[in-house]
Amino acid sequence: MLREASNGIRFVAAGEGPAVLLIHGFPLDHTLWLDQIRDLHGEALVVAVDLRGFGASPRMGEDTLDMERHASDCDLVLDELGVDRAHVVGLSMGGYVTLALADLFGHRVASMVLMDTKAGPDGDDAKAGRDAMAERLVTEGRSAVAASLMGGLLGPEPSVAARARFLTMAEALPYESYVGALMGMKQRPDRTAVLADFEGPVTVVSGEDDGLMSVADVAEPLAATARDGELVVIPGAGHLPPIERPAATGDAIRRHLARI
Ligand code: MLT
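Residues numbered from 1 in each chain as written. Predicted model: local features only at pLDDT ≥ 70, side-chain atom pairs only at ≥ 80, totals over all residues. Heavy atoms only, no water.

Most of strand S4 (residues 45-49) sits inside the fold, with five of its five residues counted as buried. Neither face of S4 is exposed, since Leu-45, Val-47 and Val-49 on one face and Val-46 and Ala-48 on the opposite face are all buried. When strand S2 (residues 10-14) meets S4, the two strands line up antiparallel, connected through four bridges. Counted as the bridge partner of Ala-14 is Val-46 from S4. Relative to S4, strand S3 (residues 19-23) runs parallel, the two sharing five bridges. Bridging across to S4, Ala-19 finds its partner in Leu-45. (Buried < 20%, exposed > 50% of the residue type's maximum accessible area, 1.4 Å probe, protein only. Helix = DSSP H or I, 4+ residues; strand = E, 2+ residues; numbered from the N terminus. Pairing = 2+ DSSP bridges.)

Taken together, the eight strands give an open sheet; going across it, the order is S1-S2-S4-S3-S5-S6-S7-S8, and neighbouring strands pair in mixed fashion. Of all the strands in the sheet, just strand S1 (3-4) and strand S8 (229-234) have a single pairing partner and so form its edges. In this sheet, S8 lies alongside strand S7 (residues 202-207) in parallel orientation, the contact comprising six bridges. For Val-202, the partnering residue across the bridge sits in S8 and is Gly-229. Contacts between helix H9 (residues 215-225) and the sheet are confined to strand S6 (109-115), S7 and S8, with S8 contributing the most and set at about 150° to the helix. Together, S3, strand S5 (86-91), S6, S7 and S8 form the strand contacts of helix H11 (residues 246-258), whose direction differs from that of S8 by roughly 165°. (Contact = heavy atoms within 4.5 Å. Axes fitted to C-alpha atoms, helices over the stretch in contact; angles between N-to-C directions.)

We now examine the site of the ligand. Around the ligand, the surrounding shell consists of Gly-25, Phe-26, Ser-92, Met-93, Tyr-96, Arg-130, Met-185, Leu-212 and His-239. Residue Tyr-96 places a side-chain N or O atom 2.5 Å away from an oxygen atom belonging to the ligand. Between His-239 and the ligand, the recorded distance is 2.9 Å, taken from a side-chain N or O atom to an oxygen atom. Considering only residue class, the shell around the ligand consists of five nonpolar, three polar and one charged. (Near = heavy atom within 4 Å. Polar contact = N/O pair within 3.5 Å; in protein donor to acceptor, adjacent residues only side chain to side chain. Nonpolar A, V, L, I, M, F, W, Y, C, P; charged D, E, K, R; others polar.)

As a further point, take the pattern of salt bridges. If you walk through the whole model with that rule in mind, you get 21 salt bridges. A salt bridge links Arg-108 to Asp-79, with the nearest nitrogen and oxygen atoms 3.1 Å apart. Here the residue Arg-108 occupies a position in the loop between helix H3 (93-104) and S6, and Asp-79 occupies one in helix H2 (residues 67-80), the gap between them amounting to 29 residues. Exposure remark for Asp-79: the relative accessible area of 49% places this residue in the partly exposed category. Of the charged contacts, one joins Asp-251 and Arg-254 as a salt bridge, the two residues approaching to 3.0 Å between their closest N and O atoms. On the criterion of helical spacing, the pair formed by Asp-251 and Arg-254 is a turn pair, its members being three residues apart in helix H11. (Salt bridge = Lys/Arg side-chain N within 4 Å of Asp/Glu carboxyl O.)

Here we come to the environment of Ala-196. Checked against the element boundaries, Ala-196 lands in helix H8 (residues 192-197). Residue class for Ala-196 comes out partly exposed when judged on its relative accessible area of 27%. Separated by 100 residues in sequence, Ala-196 and Tyr-96 place their C-alpha atoms 14 Å apart. In this structure, Ala-196 is in contact with Thr-225 and Arg-227, ignoring residues within four places of it in sequence.

Another point: the pairing of S2. Bridging between S1 and S2 involves two bridges; their strand directions are antiparallel. Its bridge partner being in S2, Glu-4 is matched across the sheet by Arg-10. The loop that links S1 with its antiparallel partner S2 comprises five residues; one of these, Gly-8, has a positive phi angle of about 90°.

Take the packing of helix H5 (residues 142-153) against helix H6 (residues 160-170) next. In helix packing, the relevant descriptors are the interaxial angle and the interaxial distance, both defined with respect to the helix axes. Packing of H5 against H6 leaves a shortest axis separation of 10 Å and a crossing angle of 140°. Here H6 runs oblique to H5, going by the angle between their axes. With respect to the hand of their crossing, H5 and H6 are arranged in right-handed fashion. Counted together, Arg-142, Ala-146, Leu-149, Met-150 and Leu-153 of H5 and Arg-163, Phe-166, Leu-167 and Ala-170 of H6 form the full contact between these two elements. Among the residues making up the contact of H5 with H6, the classes are represented as seven nonpolar, no polar and two charged. (Parallel < 35°, antiparallel > 145°, perpendicular 65-115°, else oblique. Left-handed = near helix turned anticlockwise from the far one by under 90°.)

As structure tokens, then:
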């Protein structure tokens, strides 16, 4: 059941134990994590947010959904739950938010799982790609963009269930949130130093077949940047292991918690 924080952010909180905050990517929502919530709530307090503008959380009425705003929203959710420190799990854009949390609200972050994400900023080509996607959204429509995104994000031979879950999330996202998120990701700063300075354990999780952020080019260097970094590769998954390989993703988070 979704709860609501005083900033309007909707979230699921289930279970007891160490707090694990799950932050979804783009263009997704907290339902990305449904299997992991079910899997882990017997051993942890699992909190899964809908970031502002996503899922059931309200939009801002502004043009940019930036990572810093998402981080401060997550900080308030944790505060209202009485959670001082959480193990933060972020997938892709959720990883950008995780690093923004560590940067701006470092006292909250006990450890991190960075899943199919990166610490560096967008290069010029990526920035131009954000503008092109925003333009395509408002001209060709959300379904066309969601369908082509799905091809790039899911690994080879995705199950019908994974495709259905992706489209359910991607086709429910309001146009203005799509565009706001693209603009927010485009302007995010380089947080490589935040990761390098972070003192807690970091597990980098990557789908073996992530075509957007590959194991060799992105995940391995990310794990090497962390002081106490470990890499877990999930076979048979692309960019979205929580819906492509739900059980292996739950196991990776459990393995991370066992390191604490
Ligand atoms: C995501 O999966 O959250 C996004 O694709 C990340 C990005 O576009 O940088």
